[in-house]
Amino acid sequence: MTTIALGDTLDISCVSALRDWLLVALEESRTLHLNVGDLERVDTAGLQLLAAALIDARSRGVAVTLAGSSEVLESGMRLLGLEDLLTATERVAVDQ
């Protein structure tokens with residue numbers, strides 16, 4: 001299992017590095033654990049990257065779990081019409 005903490009910001013300034021980490025995780029792991037509990041700021045680039053990673057994980061058979069919750073993440077995904085990706089992703093308690 002690979003765990004990635006998204007931190008407090010998921011925006012254009014960090015998508016390149018996060019994309020690299022996600023690609024490695026999707027190639028090497030059967031389970032990807034994303035900690036979203038600290039997210040306070042997201043933009044469209046960050047949401048698109050996360051959506052693409054969730055879709056890619058599904059196509060590769062990689063299980064994805066989300067730890068924590070983030071209102072900005074959920075409202076951003078809802079605004080872009082991508083809320084189904086989040087609702088189809090397993091949620092776990094932050095300490096897991």
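The sections below set out a description of the structure shown in this document. One numbering rule holds for all chains: residues counted from 1, following each sequence as written. For a predicted model such as this one, the threshold for reporting local features is a pLDDT of at least 70, and the threshold for listing and counting side-chain atom pairs is 80 or more; totals across whole chains, interfaces and linings nevertheless cover every residue. In computing side-chain values, all of the structure's heavy atoms are included and hydrogens and water are not.

Remarks on the pattern of salt bridges
What counts, and what does not: Counted as salt bridges are all cases of a side-chain nitrogen of Lys or Arg within 4 Å of a carboxyl oxygen of Asp or Glu. Relative accessibility decides the category of a residue: with a 1.4 Å probe and only protein chains considered, values under 20% of the type maximum give buried, values over 50% give exposed, and everything between is partly exposed. Helix and strand definitions here come from DSSP, where helices need a minimum of 4 consecutive H or I residues and strands a minimum of 2 consecutive E residues; each element is numbered from the N-terminal end.
A full pass over the atoms with the stated rule returns four salt bridges. Here R19 ties to D20 by a salt bridge, and the two come within 3.6 Å at their closest N and O atoms. With relative accessibility at 45%, the residue R19 sits in the partly exposed group. By relative accessible area, D20 is classed as partly exposed at 41%. Among the ionic pairs, R60 bridges to D56, the shortest N-O distance being 3.0 Å. Placement of the pair is R60 and D56 together in helix α2 (residues 44-60), with a separation of four residues, close to one helical turn. Owing to a relative accessible area of 32%, R60 belongs among the partly exposed residues under this scheme.

Topic: the packing of α2 against helix α3 (residues 71-79)
Going by this rule: Between the N-to-C directions of two axes lies an angle of 0 to 180 degrees, each axis being a line fitted to C-alpha atoms and, for a helix, fitted only over the stretch in contact. Oblique is the label for every angle not falling under 35 degrees (roughly parallel), over 145 degrees (roughly antiparallel), or within 65 to 115 degrees (roughly perpendicular). Here a residue-residue contact requires only that any non-hydrogen atoms of the pair lie within 4.5 Å. Here the nonpolar group is Ala, Val, Leu, Ile, Met, Phe, Trp, Tyr, Cys and Pro; Asp, Glu, Lys and Arg are the charged ones; every other residue, Gly included, is treated as polar.
Where α2 meets α3, the axes come as close as 10 Å, and the angle between the chain directions of the two elements is 80°. Comparing the axis directions of α2 and α3 gives the class roughly perpendicular. Only L73, G76 and M77 of α3 make contact with α2, whose side of the interface consists of L47, L50, A51 and L54. Within the contact of α2 with α3, the residues separate by chemical class into six nonpolar, one polar and no charged.

Examining the nonpolar core
Stated precisely, the cut-off is as follows: We define the nonpolar core as a collection of buried residues of types Ala, Val, Leu, Ile, Met, Phe, Trp, Tyr and Cys that are connected through side-chain atoms lying within 4.5 Å of one another.
In this structure, I4, L22, L32, L34, L73 and M77 are the most contacted members of the largest nonpolar core, which totals 27 residues. At the level of secondary structure, the elements contributing two or more residues to this core comprise α1 (15-28), β3 (31-35), α2, β5 (63-67), α3 and α4 (83-87). Top element by residues in this core is α2. It accounts for seven residues. With residues up to four places along the chain from it excluded, the contact list for I4 reads L18, W21, L22, A25, L32, H33, L34 and N35.

Examining the side chain of D11
Put simply, the rule is: Nitrogen and oxygen atoms within 3.5 Å of one another constitute a polar contact, given that in protein one can donate a hydrogen and the other can accept it, and given that sequence-neighbouring residues count only through two side-chain atoms.
Locating D11 in the fold gives a position in the loop between β2 (9-10) and α1. Of the residues examined, D11 reaches a relative accessible area of 8% and is grouped as buried. A polar atom in the side chain of D11 sits 2.5 Å from the side chain of S13. Not counting residues within four places of it along the chain, the set of residues in contact with D11 comprises R41, D43 and G46.

Some points on the sheet that holds strand β6 (residues 90-92)
Convention followed: Strand pairing is defined by DSSP finding a minimum of two bridges between the two strands.
Spatially, β1-β3-β5-β6 is the arrangement adopted by the four strands of the open sheet, whose pairing is parallel. Where the open sheet ends on each side, the last strands, each with one partner, are β1 (2-5) and β6. Taken pair by pair, the neighbouring strands of this sheet meet at an average axis angle of 25°, ignoring direction. Pairing between β3 and β5: five bridges, direction parallel. Bridge assignment links L34 to a residue of β5, and that residue is L66. Each of β1 and β3 touches α1; the most contacted strand, β1, lies at about 165° to it.

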